[in-house]
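# Coordinate analysis (summary)
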Amino acid sequence: MTLQKPENTQADPRIVPISVSHNRESLANPSLAMLFIALFAFLLASFPARNLELWEHLSDGRAIFAGTGLGKNWLFDLMAFLIDSICGGAVLVGVKAALVAIAAVVILRASQISREWRIPLAITTCAILATGNRLLLEPETVSILFLAILTRLMKPNAAIRNLLSWKLVIVFVLWANIDRGAVCGLAVLALSFFGRSIDTRSFREGSFLAIVVLAIVCCVSPNHYHIFQQFLNVFPITTTDESVLQSINSPFSAGYWNIFRESPAALAYYPLLVFGLISFILNRKNWRWSRFLPFLGLAVMSSLQARTIPWFAIVAGPILAWNLQEFFALRPISVTRRWSRFLVRFTSVLLPILFLISAWPGWLQLPPYEPRNWAAKPPADISKAADFLCNLHKESRTAADAKTLHFSRKSATVYTWICPEDPQGIDEETAGNLSRGVFDYGAWKNRLIAENIGRVAVNVADGEPARIMIEMLLTAKNEWQLIHVGGGQAIFSLQSDSSPTPEKQPTAIDFDQLGYYPNVADRAPLNPGERKGPNRWWEVFWKSSYPRPADRNEAKLLMLKSDTDRLLAPYRMLSAWESSQVGGLIGSLANGPTFAAYSDAALRQTLFRPAIPDQNEAQPPITRTVLSLQNSFAYAHGDTDPGILYAAVRAARRAILENPEDAQSHLFLAQTYLKLRTSTIERKWIVLFPQLGRLRDIQASTAFNKAILLNPKLIDAHYQLAALYQRLGCIDLSLDHILKARELAPKPAAPAPSTPSEQEIQVKRLQDRIARELREYEQEATRMSISERALSAVRRGLGGKARDLLLQSDVSAFGRQGTSIELDYLLRTGRPENVLDWMTPVVEGTVGAFSYRWMRTQSFAARGEYDSALDELNHLIGTDGKMPPIKTVTGGISELLGQTILDERPGITTLPQFMLLAMNRSDFQIRMLEYNQTLLARSEAKLLKGLLALELGDGEQALEHFQDSITYAQNPFGTAQLEFNGRWVAFDAISLLNTAKKSTE
């Protein structure tokens, strides 16, 4: 094809043609254009290798090098393994980026059919950008280069004889041994030459023969003819399996749009597709079926499966450029003004620079945004689990032939790479059965035994099927033991005689040690330090982004363990109740067959298992009493061990330290605090020691608010924070979060029912209540001071109104009461930073030293700054945080008491003497009350130090603090000692810690 110069092209030297021209002098330097596109593509592909498939390829490459196997992508696997082994993962990522850069240059050369470079450069940039989200270190990325080479053969004026050249045969031989994308290249080539036959109205037998020969060439690989089946597996549209259908990720689906709508790389696909179709309409006079058929085929393919978008872009880009160049060759756009020529040339320079600048921190792709780097490291949690299995084999604690079953092929690849001596099996079918609810546990277990599988590895981050599997294995404690928890990775070992290796069972995780006496590495950070926000937009050019914390998934896994224990709590509590009653029944008969013994035994038997009448009969009083006692017994012991949730808190705190901007870590932390106060023995402690309940509410509120601040679209966080606010007396803030959650919730496909739902009725009632309270508040507020207004808002449940009112006012107008309310509601609504900013010496003088230190303690504890919180409690205790010796305390009380007794002189008859005696008695009562309050404050501060140390993970220190807190109340039922309900909390905590210590010894 020869492009003729249009007759209407003017000779005016001021005219600058924007499109195809016969000017000998190019308007864009081709060398600079190729340099730009190569550098741009290189930067787009220069990000760390995070795809888990890479480790499967490296493992297969190692097997090929050792002569023990030959995979379907054997050439890619072998080359990747050799590069990684000799040069390292960074060079491997760099080689991938270089291949993408070469492909970009080839595409640019293929797109250009004249001396004009601007249109080919712009479209090639869009095409390369459209590949940006799929430039992973995998064989499909190498197919981009081969497809680019193939596209040059479709270029106008390309010789047909090239189809049968030995170079093309070599290309397809290499391609077929690297990736199944060779089939895509063959299909594109066949469509192109079939279209050329339509264009020329002549059928070329040579072209058909060449396609057949190249199809045979594609079979010259370990896949043989199966390579065609592997290619079709990209489009699992012929199956009715819902789990398979869900894997189809169409760029026109709502899920794809929700994930990639803010990614320019993903959005580049749409203009490429739309303008590609429009270009055929514009260039209809030069319609070419040889272009339209490949374009249409790849467009259909990419619309069904988003992972094939790069292949579409590589072919569609040059086709779009050819059509536009031919169209504008007859209709050149010219500019005659000097400023227009300057603008065109300035834009031609500015846009490439902006694209390069945006590509460096990854702004054109998906987050995380960070400077380009080249690294290839497996996830830390999976690596840790694989190392654990390697140590098991080295210690000979498990049979070498026992297999480890994985439910995720991607995770299994890392295990294979790090621990090749561990034989593995992969069971992805079970995950599908779990999601459909057709799982047969008995048959599955028998199959494991038959296949000599003794371990199961599950990643909690692998979705709902993984969660169900973990929950099921945790429930079957007699058959499965959890032997490793690291990040989100859980490894279970099959126990009892059914195990393939019953004589060599690995040690189960000691949750007592993990919960109460963890290793230093498993503790919460003592002080997270200064919390910085996300990188500012200019800092991403040199600062790396926060990593994805593995401890977040560990927190999720431990919460799942706690939930499983809670489901089993009724059976566990009933067993404990009956065991205690059986012990009492046996003890009642120890004194022989007496009437008292028989009566006691009868009562014990009723307590052991009361008679339950039929459903229609009323329960007798004794049955109601026994059931009430059983419920109280279960409530006092908690549904789950608090140690597991303490471990989850620590994992979430470590995750936040690693990535302060991870909203999910803050959400898990908040949920864990709520579970502590509702599902463990802490619910009993909170009744006895309300300060603990207040602290848990503040910690949960702070974490929820931080999660919502980082990700306002967390529906669960909005609903749970709304429930928390209702309990804290902030119904106006609760309504705000309920409405926000309802707004974010997915809309049902079916039309809304005519009658309102129960939730809508409750929301309407809450709205009416708040509107009524606001009207009454406004009527009263006009004649009140700021402090009185705040009190009125608090009484009406308008906590948000009270907080905002005081925030907008000066602290001098509050008074003592207003300041206390303000600080209290700032803490309730998750703003400890504001409280710490307000804590000045003036405020300390207003609210008092005790309230000042107590509020600072709560603020620091909510922020996870345990060392600062402990320091504040030391100020409350005094004397360097140590309790005064009991002899000193008793000596002071004895002296005060003795002085008072001596003042009680007999023979008092005069009025002045009676007045002096009354004053002495009043002074004694005041001083004793002050003495009691001081000791009480110190004991409670010590108790709080123990609870914080327990949460932190320092079991020994916590035990010491709990023992110190009962210095003046060492006997639970003794007299003449300090009376404070917190001592029962200390006794329970000491019992928990001592029991855990015995189990770990």
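A quick note: this is a predicted structure, and the numbers were derived from the prediction, not measured. Residue numbers restart at each chain and count upward from 1, following the sequence in its written direction. Given that the model is predicted, a residue must reach a pLDDT of at least 70 before its local features are reported, and side-chain atom pairs must reach 80 or more before they are shown or counted; all residues, however, enter totals for whole chains, interfaces and linings. Values shown for side chains rest on all heavy atoms present in the structure; no hydrogens or waters enter the calculation.

Attention shifts here to the side chain of T857. Strands here mean DSSP runs of E at least two residues long; helices mean DSSP runs of H or I at least four residues long; both are numbered from the N terminus. Here T857 lies in helix α39 (residues 849-863). Remark: exposure states derive from per-residue accessible area (1.4 Å probe, protein chains only) relative to the maximum for the residue type, with buried under 20%, exposed over 50%, and partly exposed in between. For T857, a relative accessible area of 3% gives the class buried. Any pair of N or O atoms that falls within 3.5 Å is considered a polar contact. Within protein, one atom must be able to donate a hydrogen and the other to accept it, and sequence-neighbouring residues count only if both atoms are side-chain atoms. At 2.8 Å, the side chain of T857 forms a polar contact with the backbone oxygen of R853. By definition, residues are in contact when any of their heavy atoms lie within 4.5 Å. When neighbours within four sequence positions are excluded, T857 is seen to be in contact with A869, E872 and L873.

In the segment running from P367 into P368, the intervening peptide bond is cis, with an omega of 10°. Locating P368 in the fold gives a position in the loop between α17 (338-359) and α18 (380-394). Positive phi outside glycine occurs at N452, with the angle close to 60°. Along the chain, N452 turns up in the loop between α21 (441-450) and β5 (453-459). Residue classification places N452 among the partly exposed residues on the basis of a relative accessible area of 22%.

Let us now look at the nonpolar core. Among soluble globular proteins, nonpolar side chains are generally buried collectively. Within this scheme, the nonpolar core is defined by two criteria: the residues are buried Ala, Val, Leu, Ile, Met, Phe, Trp, Tyr or Cys, and they are joined through side-chain atoms within 4.5 Å. Counting 115 residues, the largest nonpolar core has F40, F172 and F312 as the members making the most contacts within it. If near-sequence neighbours (up to four positions away) are discounted, F172 is found in contact with L150, A182, G185, L186, L189, L214, V217 and C218. Judged by nonpolar contacts, the second largest core, of 90 residues, contains Y517, A670, L798 and L993.

As a further point, take the confidence of the model for the chain. The predicted model of the chain has a mean per-residue pLDDT of 83, with 87% of residues at 70 or higher. As a per-residue measure, pLDDT tells how confident the predictor is, with possible values from 0 to 100. pLDDT under 50 marks residues 1-28. Its contacts with residues more than four places away, or in other chains, come to 58 contacts. Contacts from residues 237-247, a stretch scored under 50 in pLDDT, to residues over four places away or in other chains number 11 contacts.

When a strand is regular, its side chains alternate between the sheet's two faces. Two strands pair when backbone bridges link them, and strand β3 (residues 403-406) and β5 are joined in this way by 4 bridges, in the parallel orientation. The partner of K403 across the bridge, within β5, is I453. With strands facing away from the observer, any crossover in which the path from the first strand over the helix to the second runs clockwise is taken as right-handed. With helix α19 (residues 409-418) bridging β3 and its parallel neighbour strand β4 (residues 424-426), the resulting β-α-β unit is right-handed. One requirement defines pairing of two strands: DSSP has to find at least two bridges between them.

What follows covers the environment of G638. You can see G638 is positioned in the loop between α26 (621-637) and α27 (642-658). On the basis of relative accessible area, G638 is assigned to the buried category, the value being 2%. Counting along the chain gives 41 residues from G638 to S679, while the straight-line C-alpha distance between them is 5.7 Å. Setting aside its immediate chain neighbours within four residues, G638 contacts M573, S679, T680, I681 and R683.

Taken together, the side chains of F203, F208, L209, V212, V213 and I216 define a hydrophobic patch exposed on the protein surface, amounting to about 590 Å² of accessible area. You can see F203 is positioned in the loop between α8 (181-200) and α9 (205-218). We classify F203 as exposed; its relative accessible area is 54%. Each patch groups residues whose relative accessible area exceeds 30% and which form no salt bridge, using 9 Å between like charges and 5 Å between nonpolar side chains of Val, Leu, Ile, Met, Phe, Trp and Tyr. Per-residue and other accessible areas were derived by the Shrake-Rupley procedure at a 1.4 Å probe size, with only the shown protein chains allowed to occlude residues. For salt bridges, the criterion is a side-chain nitrogen of Lys or Arg within 4 Å of an Asp or Glu carboxyl oxygen.

Along its 14 residues, helix α36 (residues 815-828) runs 20 Å from first to last C-alpha, staying within 8% of the 20 Å computed at 1.5 Å per residue. Contact partners of the buried residues in α36: α30 (690-710), α34 (786-795), α35 (799-807), α37 (832-838), α38 (841-847) and α39. G830 sits one or two positions beyond α36 and adopts a positive phi of about 75°. Expected span of a helix: the number of residues minus one, times 1.5 Å.

Counting buried positions along β5 gives 7 out of 7 residues, so the element sits mostly inside the fold. Pairing of β5 with strand β7 (residues 489-494), which is carried by 5 bridges, proceeds in the antiparallel orientation. Looking at β7, one finds that V456 is bridged to F492.

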